[in-house]
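# Observations on chain architecture
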Amino acid sequence: MDDCLTRSDSSQLVSLLHYEGLTGTTLTRVDQLVTKELSRSGFSRILVMVRSLEILSENRDDLQKLIDHGLIVKVLSWFQAVHDLLTSDLHTSTSPLLSLAEGFYDYFLLLGQSPLPVSQLSVVLLQLARSALEPQITFTLRLEAIRTFNSILESLSREQRKLIQNNQNHTHILSQVAAAVLTVGDYELQVSLSEALCRLTPRKDRQQRANQWFSNHDISNAFCDIRDGDFEVDCRRFLNFVNCCHGDNKRVYTFPCRRAFLDSTELFRPKDDKLNEFWIDFNLDSRCVSFFIDDPQGFLWGSVHLLREDVDHYSIQLKHDECTGAETVLSVQLNNPIMHLNNRGQTVKLTFDPEHHRQLEEAAGRIFMEHSSPHVTDSGGTVQASPSAARSSGRSYSRKKPKSKSQLKILPLSSPSSEEDISVTTLLLEEKVFPGQKRDVLVSYQLEEPGSPPEGERPCEEAEPSVKSKEPVNEPESDQISGITTAFKTFKAQLEQHFTGCLEKIEAEVNLSLKECQQHVSSLLTAVHQHRLVLLQSFENSITDQLSRLEENSTSLNSISTQILSFFQSEMQRLGSFCEEQQQRLKSLESAEGRLSSQ
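For the structure given in this document, a descriptive report is provided here. (Residues numbered from 1 in each chain as written. Predicted model: local features only at pLDDT ≥ 70, side-chain atom pairs only at ≥ 80, totals over all residues. Heavy atoms only, no water.)

### Let's talk about the pattern of salt bridges
Oppositely charged side chains can form a pair if their charged atoms are brought close together. Note the following rule: Salt bridge criterion: a side-chain nitrogen from Lys or Arg within 4 Å of a carboxyl oxygen from Asp or Glu. The way it works is that DSSP assigns letters per residue, a run of H or I at least four long becomes a helix, a run of E at least two long becomes a strand, and they are numbered from the N terminus. Each residue is assigned to one of three classes by its accessible area relative to the maximum for its type, calculated with a 1.4 Å probe on protein chains only: buried under 20%, partly exposed between the two thresholds, exposed over 50%.
According to the stated counting rule, one finds 19 salt bridges in the structure shown. Close ionic contact of Arg199 with Glu195 constitutes a salt bridge, the shortest N to O distance being 3.0 Å. With a gap of 4 residues between them, Arg199 and Glu195 both fall in helix α12 (residues 187–199), about one helical turn apart. With relative accessibility at 23%, the residue Arg199 sits in the partly exposed group. When its relative accessible area of 22% is taken as the criterion, Glu195 is described as partly exposed. We note a salt bridge from Arg258 to Asp353, for which the minimum N-O separation is 2.6 Å. On the criterion of sequence distance, the pair formed by Arg258 in strand β1 (residues 252–262) and Asp353 in the loop between β8 (343–352) and α16 (357–368) is long-range, its members being 95 residues apart. By relative accessible area, Asp353 is classed as partly exposed at 26%. Residues joined in a network through salt bridges with shared partners are Arg227, Asp230, Asp234, Arg237 and Lys274.

### Details of a nonpolar patch on the surface
So the rule is basically this: Here a patch means residues that are over 30% exposed by relative accessible area and free of salt bridges, tied together within 9 Å if like-charged and within 5 Å if nonpolar (Val, Leu, Ile, Met, Phe, Trp, Tyr). Only the protein chains shown count as cover for residues, and all accessible areas are computed by the Shrake-Rupley method using a 1.4 Å probe.
Residues Leu536, Phe539, Ile543, Leu547 and Leu550 make up a contiguous nonpolar surface patch of roughly 510 Å² in combined accessible area. Considering the arrangement of structural elements, one finds Leu550 in helix α17 (residues 477–598).

### A few points about the packing of helix α6 (residues 71–86) against helix α8 (residues 118–133)
We apply this condition: Every angle, taken between N-to-C directions, lies between 0 and 180 degrees, and every axis is a line fitted to C-alpha atoms, over only the stretch in contact when it is a helix. Angles below 35 degrees are treated as roughly parallel, those above 145 as roughly antiparallel, those between 65 and 115 as roughly perpendicular, and all remaining angles as oblique. We call two residues contacting when some pair of their heavy atoms lies within 4.5 Å.
Their axes nearest at 11 Å, the elements α6 and α8 cross at an angle of 5°. It follows that α6 is roughly parallel to α8 by the angle criterion. The segment α6 lies against α8, with Ile72, Leu76, Phe79, Gln80 and His83 engaging Gln120, Val123, Val124, Gln127, Arg130 and Ser131.

### Details of the packing of aromatic side chains
Stated precisely, the cut-off is as follows: Pairing of aromatic side chains requires ring centres within 6.5 Å, counting the rings of Phe and Tyr and the six-membered ring of Trp. Pairs whose planes differ by under 30 degrees are stacked, by over 60 edge-to-face, and all others tilted. Look at NZ for Lys and CZ for Arg. If either is within 6 Å of the ring centre and within 35 degrees of the ring normal, a charge sits over the ring.
Tallying each qualifying case throughout the model produces 14 aromatic pairs. The interplanar angle of 40° and the centroid separation of 6.2 Å between the aromatic rings of Phe104 and Phe108 together place this pair among those described as tilted. One end of the pair is Phe104 and the other is Phe108, both in helix α7 (residues 95–112) and 4 residues apart, which spans about a single turn. Each of the two residues, Phe104 as well as Phe108, counts as buried. Ring centres of Trp213 and Phe223 lie 5.9 Å apart, and the angle between their planes is 75°; on these two criteria the pair is classed as edge-to-face. Of this pair, Trp213 sits in helix α13 (residues 206–213) while Phe223 sits in helix α14 (residues 217–224), placing them 10 residues apart in sequence. By the burial criterion, Trp213 is buried, and Phe223 matches it. Taken together, the ring pairs connect Phe79, Phe104, Tyr105 and Phe108 into an aromatic cluster. Above the ring of Tyr187, the side-chain terminus of Arg236 is found at 3.8 Å from the ring centroid.

### Comments concerning the pairing of strand β4 (residues 288–293)
Stated formally: When DSSP locates at least two bridges between a pair of strands, those strands are taken to pair.
Burial runs high along β4: 5 of the 6 residues are buried. Bridge analysis of strand β3 (residues 279–283) against β4 gives 3 bridges, and the strand direction is antiparallel. Each bridged residue has a counterpart across the sheet, and for Phe282 the counterpart in β4 is Val289. Linking β3 to β4, which pair antiparallel, is a turn of 4 residues; within it Arg287 sits at a positive phi near 55°. Pairing between β4 and strand β5 (residues 302–307): 6 bridges, direction antiparallel. Bridging from a neighbouring strand, Phe291 pairs with Val304 of β5.

Any functional reading would require information beyond the geometric quantities listed.
Here's what the structure looks like:
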């Protein structure tokens, strides 16, 4: 086995397992080998084993043998170990570990299509749901976990799905799924979580369950308006409403788009008569801008994801011309080109109504510029203001790439105790658009960097002419005091506003920490409960096997007893007949002797 793992030869390993026999002893050896590799981070070697088991499981007879010998319990224990590594600080986002997790997802999907007992399948689904809800796991794995969850549910029969719907463990996990729909910062993950809620909630129970999950009655009613036949469209309405309810604390910004282009190629919204807008989602948790597009060559909708690490720079401009009127244009320049319908492009342009300009600036800034928390190292580079931002027509940003092996940390702009200069955002030009204007209206900001010259020493070719300060001559002392008082009041008001903002941020971080602690405790309790279920399932399987053997032995013993009784009865009949015959012979002899005596 070790040689097959070293060569990554899944086919040869399958042949070897067949040769040794799919017995409990073989499965124990496999379990010991996988456990050993987990302890020394041999993730690529474990992936070879998982793929070999996947090949074996395609044969239902082989899979049934493995299940009878406790395969599911062992696979779930391996996956639990992988889950723990994904949430630890030692192996986060390592490529072999991520590939191994995806390998387990593929194997779970195959098990979902096999004749696996519902009790064991239920535990598999619970493990996938836990992975989807774990905030420390890489976002792509969380999304893939809940998609695998939904695919398994889709492949089940109505009777199997009903048994899982009535399972109390799934009732508990669904409340956590519903809570995640409200807080997760990615539209596609929200959709998949909502799909899981709909699949595991019968229509007749949906209103009652929704009222338990969502404290806001408007949100619960919006969820109940989702129809299975029009899930994509109705779920879009539901999630747009949910995200708007969060106000300034929203994690997903959604805007209707006028037109979209990949270089010179126009991208069109999906062809669905019930879809009334071309929606663009700005996702804070996944750090990407995403939207669905029409794909004439495919059955499903196409999608575009502008990931933060793939963006070189972007700009937002407010334009106006006689043909299109006022519009806001978001232009994103990518590091590498992307493909759509055999067309390559590296620049994506999205146009919106000008009324969304301010929110678009906020959303784009939070995705492409802000870091999730202070003092965080971003291996993909930090997003900073473009050096040409103050000179270009519009608000433009670019990504600075760190030097090799360097680690860049982003610190807060300012804090109450900071003795350094506070970074100032200076408005260079701001104009409003009025009907009849024929020129572009550009809003541009310059972000000062440490070490930049003081405000009074800056060149101001693009700013409005400023009046140079002169030495006051014979200025009355009362005027000086009045000016100082006014300046101090202004400074005090600014400090109060700054301190209030800091307090709100701290409160938000504390609330988020409490939610994360609650999720951790809940995940731990769920893991303990799932382990109990696995042990109970193992005990049930053992008892079932013993009862089956007892039944078989009892049947054999009953058959032997029946044969003995039958033989004994037949022999008794033969003995009785023999005795009667002899009695008759004796009587005949006595009668003959009597006749001879009388003569």
